[in-house]
Amino acid sequence: MPAFRTLDDADVAGKRVLVRVDLNLPMQDGKVTDTTRIDRVLPTIEELSARGARVVLLAHFGRPKGRRVPEMSLRPVARALSDILGRPVTFADDCIGEAAEQAIAGLKNGDIALLENLRFHPGEEKNDPAFADALAALGDIFVSDAFSCAHRAHASTVGLAERLPTYAGRCMEAELSALNAALENPAHPVAAVVGGAKVSTKLDLLGNLLEKVDYLMIGGGMANTFLAAKGFDVGKSLCEHDLAATAREIMDRADGSGCRILLPVDALLAKEFAANAPHRVAAIEDVGGDEMILDAGPETVKALTAVLRECRTLVWNGPMGAFEIPPFDTATVALARAAAELTKAGRLLSVAGGGDTVAALNHAGVAGDFTYVSTAGGAFLEWLEGKTLPGVAALMQ
Ligand code: AMP
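A. Examining helix α13 (residues 357-364) more closely. Listed in full, the buried residues belonging to α13 are Thr-357, Ala-360, Leu-361 and Ala-364. Along the axis of α13, the buried positions cluster into a sector of 95°, meaning they face one direction only. Contacts from the buried residues of α13 go to β15 (313-317), α12 (330-344), β16 (349-352) and β17 (372-373). Once α13 finishes, Gly-365 follows within two positions and takes phi at roughly 75°, a positive value.

Structure below.
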């Protein structure tokens, strides 16, 4: 991984430090319902404050599409942040112009301010030069700490990095180190678990992973497309039959690059997609015409766990089955727990993220036991796809 500067390299005392963070928190009725994203950026905020910076937080909330939408104000987030930090957080009613300038002028060394939703201005998502200039005028230094927004070339991810001395925050640094350890420079053998509903949304991801990993464990609904392409009858399962040729091509490419694709050998079958629907375990060649594969079966979990025991690195994206409806969460939970145990024993470096993965690992009660769980959705997926993220590239300049 090319080098990027971190807070270790920054002289921040007395400086106005603009920090791009992800505070796009789940909210209900104006109240924050999950503070995970605040917890992730606390180390950066607390360190900067302790080192005497005037900390100015920049963030977005929701999709206001360049207009001021009162329900998408960050004001409640400033309150939640202040509660967690146990100290005041100044809130500015706008992220550029007089309101922002006044709030920042009032900060003493170590104080913290949060500016209003960046996306109230159309210039943010367009990376408009005038808007980026107006943001840059508010600070002396830029700290980029929102990996989850780094797949977008916005004013607050790329524009500021082009205008101010730029450093990765602690959350960004942790994320890049974890992804680097898992995919760019991993200890082999490397396994990837890729699950979820559809192959069509993960073609680029599979194409990139099969070049990099030793074992590609495919689960969830998307495994059905591969099974059908191999000639198995998958009954009424979710399956993209029109992608059979693509699935075969992926399997051929994996063969050619020394990557073993591991598909389910058995499954949990049901006739309806519902919690506690009557179900049975069957070998993959025994799926009835009126049945659906809703989860991988116990033999599959056993086989995959045995392979994981031989691996040194694991990348995980997507559930092994319809994990929201029991008992079709069984394989996801069992495999996640096995990976967590191996990680705790120091035998596996495990990195997970993207889409429903965090929810699935939380459901299994093991999110805290993986080496790193990314809270980034789209950015994590684009990284797995091997794409260059503009907000990360901007850090490398
Ligand atoms: P994704 O967003 O692509 O990661 O897909 C996650 C969704 O895939 C979850 O909502 C799961 O319920 C669903 N899913 C996983 N396995 C299956 C399956 N065998 N049949 C139907 N849906 C599934």
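Let us keep going from here.
B. Inspection of the packing of aromatic side chains at higher detail. Tallied over the entire structure, the rule returns 2 aromatic pairs. A centroid spacing of 6.2 Å and a plane angle of 70° characterise the contact between Trp-316 and Phe-370, whose relative ring orientation is edge-to-face. Of this pair, Trp-316 sits in strand β15 while Phe-370 is found in the loop between α13 and β17, placing the two residues 54 residues apart along the sequence. Residue classification places Trp-316 among the buried residues on the basis of a relative accessible area of 1%.

C. Focus on the site of the ligand. Around the ligand sit 14 residues in total, of which Ala-197, Gly-221, Ile-293, Gly-321 and Glu-324 are the nearest. In this structure, Ala-197 approaches the ligand through a main-chain N or O atom, which is 2.9 Å from an oxygen atom. Glu-324 places a polar side-chain atom, nitrogen or oxygen, 2.5 Å from an oxygen atom of the ligand. Broken down by secondary-structure element, the contributors of at least two residues to the shell around the ligand are α9 (220-229) and β14 (292-296). Split by residue class, the shell around the ligand holds 7 nonpolar, 4 polar and 3 charged.

D. Looking closely at the packing of helix α1 (residues 36-50) against helix α2 (residues 75-85). Two elements in contact, α1 and α2, have axes separated by 11 Å at closest approach and are oriented at 65°. Of the possible angle classes, the one that applies to α1 and α2 is roughly perpendicular. Note that α1 runs across α2; the crossing there is right-handed. For the pair α1 and α2, contact is made by Ile-38, Asp-39, Leu-42, Ile-45 and Glu-46 and by Ala-80, Leu-81, Ile-84 and Leu-85, respectively. A breakdown of the residues in the contact of α1 with α2 according to their chemical character gives 7 nonpolar, no polar and 2 charged.

E. Structural detail: the sheet that holds β14. Spatial strand order, β13-β12-β14: 3 strands in an open sheet with antiparallel pairing. Where the open sheet ends on each side, the last strands, each with one partner, are β13 (279-283) and β14. Within the sheet, the average angular offset between the axes of one strand and its neighbour, ignoring direction, is 40°. Where strand β12 (residues 266-270) lies against β13, 5 bridges are found, and the strand directions are antiparallel. When the sheet's bridge partners are listed, Asp-266 is paired in β13 with Ala-283.

F. Spatial organisation of the nonpolar core. If you look at the biggest cluster of nonpolar residues, it comprises 54 residues, and the most contacted ones within it are Phe-147, Leu-206, Leu-216, Ile-218 and Phe-226. Elements with a minimum of two residues in this core: α7 (170-184), β9 (190-194), α8 (203-212), β10 (215-218), α9, α10 (244-256), β12 and α14 (378-384). A per-element tally of this core places α7 first, with 6 residues. In this structure, this core is formed jointly by two domains, domain 1 (7-169) and domain 2 (186-384), each of which donates at least three residues. Those residues within four positions of Ile-218 in sequence are excluded, and the remaining contacts are Val-194, Leu-206, Ala-223, Phe-226, Ile-261, Leu-262, Leu-263 and Pro-264. Grouped together as the second largest cluster of nonpolar side chains are 32 residues, Val-12, Ile-38, Leu-48 and Leu-81 included.

G. Molecular detail of the domain arrangement of the protein. Domains assigned within the protein are domain 1 (7-169) and domain 2 (186-384). Centre-to-centre, using C-alpha coordinates, domain 1 lies 37 Å away from domain 2. Taken together, the 7 residues of domain 1 in the interface contact 10 residues of domain 2. Scanning the region where domain 1 abuts domain 2 turns up 2 residue pairs in polar contact (both at pLDDT 80 or more). The residue inventory of the side of domain 1 that touches domain 2, partitioned by class, reads 1 nonpolar, 3 polar and 3 charged.

H. Focus on the pairing of strand β1 (residues 16-20). Within β1, 4 of the 5 residues are buried, leaving the element largely enclosed by the surrounding structure. One ladder, built from 5 bridges, connects β1 with strand β4 (residues 54-58); its direction is parallel. From the neighbouring strand, Val-19 faces β4, where its bridge partner is Leu-57. Strand direction decides the pairing type here: β1 and strand β7 (residues 141-144), joined by 4 bridges, are parallel. Pairing of Leu-18 across the sheet is with Phe-142, part of β7.

I. Representation of the pattern of salt bridges. What the rule picks out here adds up to 21 salt bridges. As a salt-bridge pair, Arg-163 and Asp-133 come within 2.6 Å of each other at their nearest N and O atoms. Of this pair, Arg-163 sits in the loop between α6 (155-159) and β8 (166-168) while Asp-133 sits in helix α5 (residues 129-136), and the two are 30 residues apart along the sequence. The class for Asp-133 is partly exposed, based on a relative accessible area of 43%. Of the charged contacts in the structure, one is a salt bridge between Glu-385 and Lys-387, with a shortest N-O distance of 2.7 Å. Several salt bridges converge on common partners, so that one network encompasses Asp-8, Glu-47, Arg-51, Arg-170 and Glu-173.

Conventions we followed
- Residues numbered from 1 in each chain as written.
- Predicted model: local features only at pLDDT ≥ 70, side-chain atom pairs only at ≥ 80, totals over all residues.
- Heavy atoms only, no water.
- Buried < 20%, exposed > 50% of the residue type's maximum accessible area, 1.4 Å probe, protein only.
- Helix = DSSP H or I, 4+ residues; strand = E, 2+ residues; numbered from the N terminus.
- Arc of directions from axis to C-beta.
- Contact = heavy atoms within 4.5 Å.
- Phe/Tyr/Trp six-rings, centres within 6.5 Å; stacked < 30°, edge-to-face > 60°.
- Near = heavy atom within 4 Å.
- Polar contact = N/O pair within 3.5 Å; in protein donor to acceptor, adjacent residues only side chain to side chain.
- Nonpolar A, V, L, I, M, F, W, Y, C, P; charged D, E, K, R; others polar.
- Axes fitted to C-alpha atoms, helices over the stretch in contact; angles between N-to-C directions.
- Parallel < 35°, antiparallel > 145°, perpendicular 65-115°, else oblique.
- Left-handed = near helix turned anticlockwise from the far one by under 90°.
- Pairing = 2+ DSSP bridges.
- Core = buried A, V, L, I, M, F, W, Y, C linked by side-chain atoms within 4.5 Å.
- Domains from an automatic or database assignment.
- Salt bridge = Lys/Arg side-chain N within 4 Å of Asp/Glu carboxyl O.

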